[in-house]
Amino acid sequence: MRKPVIAGNWKMHKLIGESVDTAVELRDLVSNAGHSEVVIAPVFTALRSVADRLEGSNVRVAAQDCSTKAEHTARTGEVCADMLKDAGATYVIIGHSERRQFNGETDETVNAKVKAALKHGLVCIVCVGEDLSQRESGDAQKVVATQVSGGLAGLTLTDMERIIIAYEPVWAIGTGRTATPEQAQEMHGFIRRAIASSHSKECADSVRILYGGSVKPDNIADLMDREDIDGALVGGASLEAGSFASIVNYR
Ligand code: PGA
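Caption draft 1: Geometry of the side chain of Arg 208. Relative to the helices and strands, Arg 208 is located in strand E7 (residues 208-212). Looking at Arg 208, its side chain comes within polar contact range of the side chain of Glu 37, at 3.0 Å. Every residue in contact with Arg 208, bar those within four places of it in the chain, is listed here: Arg 2, Lys 3, Val 5, Glu 37, Ile 164, Ile 165 and Asp 230.

As structure tokens, then:
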């Protein structure tokens, strides 16, 4: 009943031409992937060109971030949600660990960005995940619970229909060290129970929870086998259309 989502996060890679080439190649490789929502997140500057080439296909476009401000205002260098929509994005990634780490984003920032994005009807992929020292000290669930409750604070049940959660343990991102399907399932189940108590059982049953962190063509099937894993947020392995398509078409 939860439609899987396989999303590719291109991070700060690819110029416009390369982005379009990869998107077009991917579009043709996943044209039969009706079992899953397929999303790619190019850099801001490539959004419009990529979205134009994907029109009419089953691949959707995400932005990698948005402003906390929903209205046009004086925020040099920022891009707000309706501008992303205007550029062809229908999803936005919010609170990725790299933004938390390198751009000082907090749960409050994430919450403000989510609210701004929802105001303009974007689907939010909200990222959470503990780092290695937090996992080793046994605090992973506590950290993730705080990120989930802080990031989603004040959201109504209707808002939650446009929320996708991505659990991305920081120690697994770009390291080649994937969480085991058991570790991922354990945290996904934990997140779903947290949503059941903060929102409702029905909401928890319908929210999609993606796993991210060194997802590759050869480990996606094991991850997707788990009850509470509803898809993946893929970094490195999404940069090449062939490998990302193998992840999408894992079945
Ligand atoms: P990775 O990145 O797949 O390269 O580990 C995942 C992410 O950062 O979303």
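Caption draft 2: Just the nonpolar core, in detail. Judged by nonpolar contacts, the single largest core of 69 residues is most densely connected at Ile 163 and Ile 191. When sequence neighbours within four positions are dropped, the list of residues in contact with Ile 163 reads Val 114, Leu 118, Cys 124, Val 126, Leu 152, Leu 155 and Val 207. Core analysis: the second largest hydrophobic core is formed by 14 residues, Ala 7, Ala 41, Ala 62 and Leu 210 among them.

Caption draft 3: Quick look at the side chain of Asn 111. With respect to the element layout, Asn 111 can be found in helix H5 (residues 107-119). Aside from chain neighbours lying at most four places away, what touches Asn 111 is Gly 150, Gly 151, Leu 152 and Ala 153.

Caption draft 4: Examining the site of the ligand more closely. In the neighbourhood of the ligand, 13 residues make up the surrounding shell, with Lys 11, His 96, Glu 168, Gly 174 and Ser 214 lying closest. His 96 is positioned with one of its side-chain polar atoms (N or O) 2.7 Å from an oxygen atom of the ligand. Contact between the ligand and Gly 236: an oxygen atom at 2.8 Å from a main-chain N or O atom of the residue.

Caption draft 5: How the structure looks around the pattern of salt bridges. Applying the stated criterion across every chain, the model contains 18 salt bridges. For Lys 113, the salt bridge goes to Glu 105, with nearest N and O atoms at 2.5 Å. Each member of the salt-bridge network shares a partner with another, and the members are Arg 2, Arg 192, Asp 228 and Asp 230.

Caption draft 6: Quick peek at the confidence of the model for the protein chain. In this model, the protein chain carries a mean pLDDT of 97, and residues with pLDDT of at least 70 account for 100%. Within the protein chain, no element has a lower average pLDDT than helix H6 (residues 132-136), which sits at 95, and none a higher one than strand E4 (residues 91-94), at 99.

Caption draft 7: Broad picture of unusual backbone geometry. Unlike most non-glycine residues, Lys 11 shows phi in positive territory, near 50°. Secondary-structure assignment places Lys 11 in the loop between strand E1 (5-9) and helix H1 (16-29). Judged by relative accessible area, Lys 11 falls into the buried class, the value being 18%. Of note, the phi angle at Ser 214 is positive, near 55°, even though the residue is not glycine.

Caption draft 8: The arrangement of the sheet that holds strand E8 (residues 231-234) in detail. Spatial strand order, E1-E2-E3-E4-E5-E6-E7-E8: eight strands in a closed barrel with parallel pairing. Across this sheet, the average inter-strand angle for adjacent strands is 25°, counted without regard to direction. Where E7 lies against E8, two bridges are found, and the strand directions are parallel. When the sheet's bridge partners are listed, Tyr 211 is paired in E8 with Ala 232. Across the face of the sheet, helix H2 (residues 47-54) comes into contact with strand E2 (37-41) and strand E3 (59-63) while running at roughly 165° to E3.

Caption draft 9: Representation of the state of the cysteines within the structure. Within the structure shown, the criterion is met by zero disulfides. Residue Cys 66 stays outside any disulfide, its sulfur separated by 6.9 Å from that of Cys 124, the closest cysteine. Free cysteine Cys 203: the closest other cysteine sulfur is in Cys 124, separated by 13 Å.

Quick notes on the rules
- Residues numbered from 1 in each chain as written.
- Predicted model: local features only at pLDDT ≥ 70, side-chain atom pairs only at ≥ 80, totals over all residues.
- Heavy atoms only, no water.
- Helix = DSSP H or I, 4+ residues; strand = E, 2+ residues; numbered from the N terminus.
- Polar contact = N/O pair within 3.5 Å; in protein donor to acceptor, adjacent residues only side chain to side chain.
- Contact = heavy atoms within 4.5 Å.
- Core = buried A, V, L, I, M, F, W, Y, C linked by side-chain atoms within 4.5 Å.
- Buried < 20%, exposed > 50% of the residue type's maximum accessible area, 1.4 Å probe, protein only.
- Near = heavy atom within 4 Å.
- Salt bridge = Lys/Arg side-chain N within 4 Å of Asp/Glu carboxyl O.
- pLDDT = per-residue confidence, 0-100.
- Pairing = 2+ DSSP bridges.
- Axes fitted to C-alpha atoms, helices over the stretch in contact; angles between N-to-C directions.
- Disulfide = S-S within 2.5 Å.

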